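# Structure assessment
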Amino acid sequence: FPLMDGLQYGRFLLGAEGAEANPFVVILALLYALYRSVPFSGFIAFFVLNFLGGNPSINRLIRYNMQQAIFLDIALFFPGLLSGLIGLTAGSAGFQFPAIVTGFIAFFV
């Protein structure tokens, strides 16, 4: 789901000091841990949304929102791929980029 995939960009904001007192952050953290504990959960969610988005017996607006979630999921894939590649090359070279944190926060907001 795009919400769970987008949380990786907000981890610096959601993990800030005092975030443990916010019940919304705690619930999101539990849902994210459950989502990531299932192998290939994003892949499974993608196909479920794709299958249900084409089901004409479901309300048209709900199908439209499912298709939007698929497009958001695809759109969140590319920044994740780019940040993974940058992290891999920078980590192997011994560099640390504080700009990546800023970029994640800007993308999340």
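### Comments concerning the overall build of the protein chain
Helix and strand content of the protein chain: six helices and zero strands. The linear arrangement of helices and strands in the protein chain, starting from the amino end, is α-α-α-α-α-α. Pairs at least 24 residues apart make up 64% of the contacts formed inside the protein chain by residues separated by at least 6 positions. On the protein chain, roughly 7800 Å² of surface is accessible, and the fraction owed to carbon and sulfur atoms is 74%.

### Considerations on the packing of aromatic side chains
Evaluation of the coordinates by the stated rule reveals two aromatic pairs. With centroids separated by 4.8 Å and ring planes inclined at 90°, the aromatic side chains of Phe43 and Phe47 adopt a geometry described as edge-to-face. Taken together, the residues span about one helical turn, with Phe43 and Phe47 both in helix α4 (residues 41-53) at a distance of four residues. For the pair Phe46 and Phe47, a centre-to-centre distance of 5.5 Å together with 75° between the ring planes defines the contact as edge-to-face. For Phe46, a relative accessible area of 23% gives the class partly exposed.

### Some words on the nonpolar core
By size, the foremost hydrophobic cluster in this structure holds five residues: Met4, Leu7, Leu28, Tyr35 and Ala45. Once residues lying within four places of it in the same chain are set aside, the contact partners of Met4 are Leu31, Tyr32, Tyr35 and Arg36.

The rules we used
- Residues numbered from 1 in each chain as written.
- Predicted model: local features only at pLDDT ≥ 70, side-chain atom pairs only at ≥ 80, totals over all residues.
- Heavy atoms only, no water.
- Helix = DSSP H or I, 4+ residues; strand = E, 2+ residues; numbered from the N terminus.
- Contact = heavy atoms within 4.5 Å.
- Areas by Shrake-Rupley, 256 points an atom, 1.4 Å probe, with all protein chains shown as cover.
- Phe/Tyr/Trp six-rings, centres within 6.5 Å; stacked < 30°, edge-to-face > 60°.
- Buried < 20%, exposed > 50% of the residue type's maximum accessible area, 1.4 Å probe, protein only.
- Core = buried A, V, L, I, M, F, W, Y, C linked by side-chain atoms within 4.5 Å.

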